[in-house]
Structure formats: structure tokens, C-alpha cells
Amino acid sequence: SPDGQFVAVYTSDEEVRVYDTSDGSLYDTMDTNGEIAAELKYSPDGTMLAVVGYRDGNSGDGQIEIFDVDTASPTYGDVLQTLNPSSTVYYYSVDWSPDGSRLVVGGNEAIYIIDTDTWGENRTISNAFSGLNSVHYSPDGNMISGCSSYDNGGARARVYDAMTGAQIWSYTTSTSCNDAAWSPDSSQVAFSMKYYQGDGSSILLFFATTGVKLDTLYSGPGSPGNCGSGNSCGTIYGIDWHPDGNY
């Protein structure tokens, strides 16, 4: 949670578990309806929790649920909203705008932007690539990163204009993009990669507004670009920036 008092975990049995960080004890549990657990994120004010899940195979539910997690609220733990933009069943990732006015959800070949005052769709970015493993607002709220899974010979790391939904730039990767993280000043964005070929086991660092690549941080054996087609070089599942931006 933004105040540091709680940690929320989304489990494979479609349950949200909230833990008290002061002693690690289980504070509460909440049942969800998505067939496969995807991601969850606290709102900036800490009063709501957005949870996304998706269908696995040809049956089952996929949806976005907004839970009340205001500990002073009489409806704590209740579902405030259930969202189903574009009536699909594939929602893989979620983030809140810094001011909490919008929610961004990564789906399959689409990114959904939702106004949180009405819970209506603000817009759909329909030219997104494959399944969106992560979507993140920049700290200044002006851009959205989209990190896509591998499909038909590659994947994509992209940045969009948060207000218009227009694509600012796109980078084609050799392997699935797993996660992204923005520098605190929104000037740079980093994307982490799965194993496989040239971009495998790497963190790719870009200027946020231009897409010019600044650096490649490689965690596998040998030198960058030598990952090959096997999985021996490893996968980088998640990344984050230090608050001062130096790490």
C-alpha cells in the first residue's frame, strides 16, 4: 500500500491476501472471479485495489475488479466495481495514473484506459501488440509504457501518449518483454526481457520521449546478445527504479 502498512498478494487460487507489514500477519483475504490470477495494484491514495485476471483456454472468467481496501470504510473488502472493457476475457496487467483519475489495463492486443470517476472507458488503444505483460504510467502521468509478450517472431516495448493514446515509439525485441519501470523524473524507461536470442536476459534502457536506446544491462553468461535460443541465460521478470533515480 502507498503508506507502507500492507502488502497485497494475488494467489493462483484466485484469492487476494493482505498482510500487515509490521508483523507479517495475515490481515484479510478477498475472493476474486478471474480464472487465472494476473496482477493487482493499490490506488495512489491506498483506498482501492485493482485486480485483473484472465481466461485460460476456452472457458472461464476474465475481468477487472476494484476492491474497497480503506480500513476505515464499513465496506472494506467489498467489490466496488467489476469492469469488462470490450467484453473480452483477457486482462493481464494494470496500473493507476499518479493522480488516481484513470486506470490503465493491458489486455490482448489492446490497452484500456478507464476514468475512475465514472468507471467508464476513456479510450481503447487497439494497435497494441500481443498480450500486455505490463502497463505503467510514467510518474508525471503523461506517458504509458506497454510491454508485450512474444508472438510471430518478436515482441514489443512501446510508449504511448497517456492523453491521446497515440503511440510515441516502438522497439521490436527478440523475446518477450516481461516488465517495465520508469525513472522518477519520467525521462527514461527500462524494459526487462525473457531469455531468447539478442535481447534475452537483458534490461533495455531508453530515453522515454524519443525511444533512443541508452544502454543494455545483461544478466546472462558471456556478453549481451549471446543468449541464443536456449533458456540457460535466464529471465528478468521484474524491475524497479530507486526513488533517487541513481539505481
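For the structure, see preceding data.
The structure presented is a predicted model; accordingly, all values stated were derived computationally and were not measured.

**Quick notes on the overall build of the protein**
Next, step 1: When helices and strands are tallied, the protein shows 0 helices and 19 strands.
Next, step 2: A compact globule built from 247 residues should have a C-alpha radius of gyration of about 18 Å, and the protein, at 18 Å, falls within 12% of that.
Next, step 3: Along the longest, intermediate and shortest principal axes, the C-alpha atoms of the protein span 55 × 40 × 40 Å.
Next, step 4: Buried residues in the protein amount to 48% of all 247 residues.
Next, step 5: Here the analysis covers contacts within the protein between residues at least 6 apart in sequence; of these, 43% occur between residues at least 24 apart.

**A short note on the sheet that holds strand S1 (residues 6–10)**
Next, step 1: Spatially, the 3 strands line up as an open sheet ordered S1-S2-S3, and their pairing is antiparallel. The open sheet terminates on both sides in strands that have one partner only, identified here as S1 and strand S3 (26–31). The sheet shows a mean angle of 20° between the axes of neighbouring strands, direction not considered.
Next, step 2: The pairing of S1 with strand S2 (residues 15–20) spans 5 bridges and is antiparallel. Its bridge partner lying in S2, Phe6 is registered against Asp20.

Rules used throughout
- One numbering rule holds for all chains: residues counted from 1, following each sequence as written.
- pLDDT decides what is reported in this predicted model: residues at 70 or higher carry local features, side-chain atom pairs at 80 or more are listed and counted, and totals for whole chains, interfaces and linings draw on all residues regardless.
- For side-chain calculations, the full set of non-hydrogen atoms in the structure is used, while hydrogens and water are omitted.
- Here a helix means four or more residues in a row that DSSP labels H or I, a strand means two or more in a row labelled E, and each is numbered from the N terminus.
- Radius of gyration here is computed from C-alpha atoms only, and the compact-globule reference equals 2.2 Å multiplied by the residue count raised to the power 0.38.
- Exposure classes here rest on a 1.4 Å probe applied to the protein chains alone. A residue is buried below 20% of its type maximum, exposed above 50%, and partly exposed in between.
- Contacts: residue pairs with any heavy atoms within 4.5 Å of one another.
- Two strands qualify as a pair provided DSSP detects at least 2 bridges between them.
- Here, axes are lines fitted to C-alpha atoms. For helices the fit covers the stretch in contact, and angles between N-to-C directions go from 0 to 180 degrees.

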